[in-house]
Amino acid sequence: MTRPATTVDPLAADPSRAALHRLRAEVAKAVVGQEGVVTGLIVALLCRGHVLLEGVPGVAKTLLVRTMAAALDLSSRRVQFTPDLMPGDVTGSMVFDARTAAFTFREGPVFTNLLLADEINRTPPKTQSALLEVMEERQVTVEGEQRVLPDPFIVAATQNPVEYEGTYPLPEAQLDRFLLKLTVPLPSRDEELGVLRAHHTGFDPRDLTAAGVRPVADAADLTAARTAVGRVHVAEPLLGYVVDLCRATRATPALELGASPRGATALLGTAKAWAWLNGRDHVVPDDVKAMARPTLRHRLRLRPEAELEGVGVDPVLDTVLATVPTPR
């Protein structure tokens, strides 16, 4: 049996949870709306996972990540992915030092806490593959020597879903290294009015300091929060529910590739983080359902005939969630 849901003040007696709620409020100083995407980024921080942000141009994907970095007392770097970007431009490379007549390693932008990989699908597979070890092992191997990245290390990548000319689709192996794929929607009318009012009164997205964005959480808060998330209880029926959802995607006729065991462990982790953010010390079925789409959508591949019929991954996941029995 799962534990009954209880009403708990999410900020009570937990400074790390309060810090992450302040982080969400701080981001709202520069980004109007997008609360779901902001919460997804916080879940990724709690799970030490990477995030793929997908949305049409002009919906503040880059601004969102830059503001999150400004509100965290962590180092951050931005890489604009282009067709001529080389692997060494991302990971770093050996450089000859004429003063010492020796080669030394020059660190690339991945040696940071929060890496913004802007338009990640605009770089060719050779450069994308340089991120495979970085994202999974959190290290860079050059000349046989392993160099560990800082902790925490998170990649927040953006891509445009409607422009395909000059882009390179991410391979499944790389997609699977993203904990979440978050869809950044167009704003509502009221939110768009809020954007216009902010710009009308002088908001400059290139100057977040002037917008009042300040660091409100740091690495110590993340460490304490991750420890608390690790203590969140998951009853045996909930473990079975996560497994059954992932196994159901493998048997769905519209899909030729379902969620792997890595997807199941990712869903378990994000559900625990979601429960903790909402003030609970245990996972309920609604936590799993809330995180199923962003955690699994990029790990599934439609059959060609389903794509021709206009079937989408999210509706397939909705069917899976509606058919797999929910634990009581």
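Here the residue index of a chain counts from 1 through its sequence in written order. Residues qualify for local features only when their pLDDT is at least 70, as the model is predicted, and side-chain atom pairs are given and counted only at 80 or more; totals for whole chains, interfaces and linings, by contrast, use all residues. Excluding hydrogens and water, the side-chain figures rest on all heavy atoms present in the structure.

What follows concerns the packing of aromatic side chains. Working definition: rings of Phe, Tyr and Trp (its six-membered ring) pair if their centres are within 6.5 Å, and the pair is stacked with planes under 30 degrees apart, edge-to-face with planes over 60 apart, and tilted otherwise. A full pass over the atoms with the stated rule returns one aromatic pair. Aromatic side chains Phe105 and Phe111 sit 5.9 Å apart centroid to centroid with 70° between the ring planes, which places their arrangement in the edge-to-face category. Across the pair, exposure class does not vary: Phe105 and Phe111 are buried alike. The buried label applies to any residue whose accessible area, calculated with a 1.4 Å probe on protein chains only, is under 20% of its type's maximum; exposed applies above 50%, and partly exposed to all values in between.

Moving on to the sheet that holds strand 8 (residues 154-159). Strand order in this open sheet of five strands is 2-5-8-1-9, and the pairing throughout is parallel. Sheet topology places strand 2 (76-80) and strand 9 (178-183) at the edges, where each strand pairs with a single neighbour. Direction aside, the axes of adjacent strands within the sheet are offset by 15° on average. Strand pairing is assigned whenever DSSP identifies at least 2 bridges connecting the two strands. Secondary structure is summarised from DSSP: a helix means a run of H or I of at least four residues, a strand means a run of E of at least two, and numbering begins at the N terminus for each. The pairing of strand 1 (residues 50-54) with strand 9 spans five bridges and is classified as parallel. Within strand 9, the position partnered with Val51 by the bridge is Leu180. The angle between two axes is taken between their N-to-C directions and runs from 0 to 180 degrees, where each axis is a line fitted to C-alpha atoms and a helix contributes only its stretch in contact.

On to the packing of helix 12 (residues 285-296) against helix 14 (residues 313-323), then. Contact geometry for helix 12 and helix 14: axes closest at 10 Å, N-to-C directions at 145°. Both helix 12 and helix 14 take part in a crossing whose hand is right-handed. Here Lys289, Ala292, Arg293 and Leu296 of helix 12 lie close against helix 14, whose contacting residues are Leu317, Asp318 and Leu321. Residue composition of the contact of helix 12 with helix 14, by class: four nonpolar, no polar and three charged. Two helices cross in a left-handed way if the nearer one is turned anticlockwise from the farther one by less than a right angle. They cross in a right-handed way if the turn is clockwise. Here, residues are in contact when the closest pair of their heavy atoms is within 4.5 Å. Throughout this entry, Asp, Glu, Lys and Arg are counted as charged residues, while Ala, Val, Leu, Ile, Met, Phe, Trp, Tyr, Cys and Pro are counted as nonpolar. The remaining residues, Gly among them, count as polar.

Shape descriptors only; they carry no functional weight alone.
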